[in-house]
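Residue strings, one per chain:
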Amino acid sequence: MSFSDIVTYPFAMLLLWLYNITVNYGVAIILFAIVLKFIFLPFQAKSKFSMMRMSRLTPYMKDLEKKNQGNQQKYQEEVARLYREEHVNPMSGCLWNLVPIVVLFMLYRVIRLPLSSMMQMTSDQVTSITNKLVELGLYTIPAKKDAYVEITLANVIHENAGQLADLFKQFPKLMDINFQFLGMNLGQRPQWNFFTSVDWSQTSSWLPALGLFLIPIVSGLLSYLSTKVSMATNPQNTVDPQQQASMK
């Protein structure tokens, strides 16, 4: 078992447990995100605390800058001495932020590969399932490598679960995951040109497609606003210009 498997396994089991409880993939993902937020909260608090300590040193650093104007090397030496005396690591704020980011990249696998992560299927088993769906005419292997192929496979299995009884017997860990949430199929992908392929006279046709289209846009906007709010809450007048540039 690789390091990424060790890291992702408990989270994959958490998502599986949440889905089994809620029997709703969308709700399970929301609860999953809330749990992750609580897990990463200590790291974010550490980063914030480090930034606050750095902010307190800013007036002293400005004094050192005035005293050593024109002598950059002397200024850097004095700043390093100040950091040592105050037991401050200027990189600690970034390091505490990097830990959740690294883990989140690994957790991406949990969402992207439901067969391998949630259902604990081996690569050979996934291949066998894929071949079986192809034989039944339920799935066509794409010409290009598909990073989200397992989500597509899980969605195909759900939509055709009635005729896949033998497949479920052959693979006891195989699950029928219902990706429906608020009228949208989360197993499908947002299409930028959805407006050319929907029936605008049928709400059941265009509304789910519009919802999928808006999800990444809304997600990006909320992420941007969260960053702006976080920066606005920092005391900009006490933050070193170099630190401000790093934050931006």
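Now for a quick tour of the structure. No experiment lies behind these values; they were computed from the predicted model shown.

**Structural notes on the layout of surface pockets**
- Of the volumes computed, that of the second largest pocket is approximately 250 Å³.
- Those elements giving two or more residues to the lining of the second largest pocket turn out to be α5 (123-135) and α6 (149-159).
- A breakdown of the residues in the lining of the second largest pocket according to their chemical character gives six nonpolar, one polar and five charged.

**Here's the deal with the environment of L115**
- Topologically, L115 is positioned in the loop between α4 (92-112) and α5.
- The class for L115 is buried, based on a relative accessible area of 0%.
- If we skip the residues at most four places from it in the chain, L115 touches Q120, M121, V126, E150, L153 and L174.

**A short note on helix α3 (residues 72-86)**
- If you check α3, its first and last C-alpha atoms are 21 Å apart, about what 15 residues at 1.5 Å a residue would give, namely 21 Å.
- What α3 keeps buried is the set Y75, E78, V79, L82 and Y83. Taken down its axis, α3 places every buried residue within 145° of arc, on the same side. Exposed positions of α3 whose direction lies more than 90 degrees from the buried face are Q73 and R84.
- Close packing links the buried residues of α3 with α2 (25-67).
- Directly beyond the C-terminal end of α3, a positive phi value near 55° is found at H87.

**Observations regarding the packing of α5 against α6**
- In the contact formed by α5 and α6, the axes pass within 11 Å of each other and the chain directions differ by 50°. Looking at the two axes, α5 sits oblique to α6. Judged by the twist between their axes, the crossing of α5 over α6 is left-handed. Facing V126, I129, T130 and L133 of α5, the residues of α6 in contact are E150, L153, V156 and I157.
- Of the residues in the contact of α5 with α6, the class split is six nonpolar, one polar and one charged.

Thresholds applied
- Residues numbered from 1 in each chain as written.
- Predicted model: local features only at pLDDT ≥ 70, side-chain atom pairs only at ≥ 80, totals over all residues.
- Heavy atoms only, no water.
- 1 Å grid on protein atoms, 1.4 Å probe; cavity = no way out; pocket = protein on both sides within 12 Å on 5 of 7 lines; lining within 4 Å.
- Points joined across faces, edges and corners; volume = space filled by probe spheres on them.
- Helix = DSSP H or I, 4+ residues; strand = E, 2+ residues; numbered from the N terminus.
- Nonpolar A, V, L, I, M, F, W, Y, C, P; charged D, E, K, R; others polar.
- Buried < 20%, exposed > 50% of the residue type's maximum accessible area, 1.4 Å probe, protein only.
- Contact = heavy atoms within 4.5 Å.
- Expected span 1.5 Å × (residues − 1).
- Arc of directions from axis to C-beta.
- Axes fitted to C-alpha atoms, helices over the stretch in contact; angles between N-to-C directions.
- Parallel < 35°, antiparallel > 145°, perpendicular 65-115°, else oblique.
- Left-handed = near helix turned anticlockwise from the far one by under 90°.

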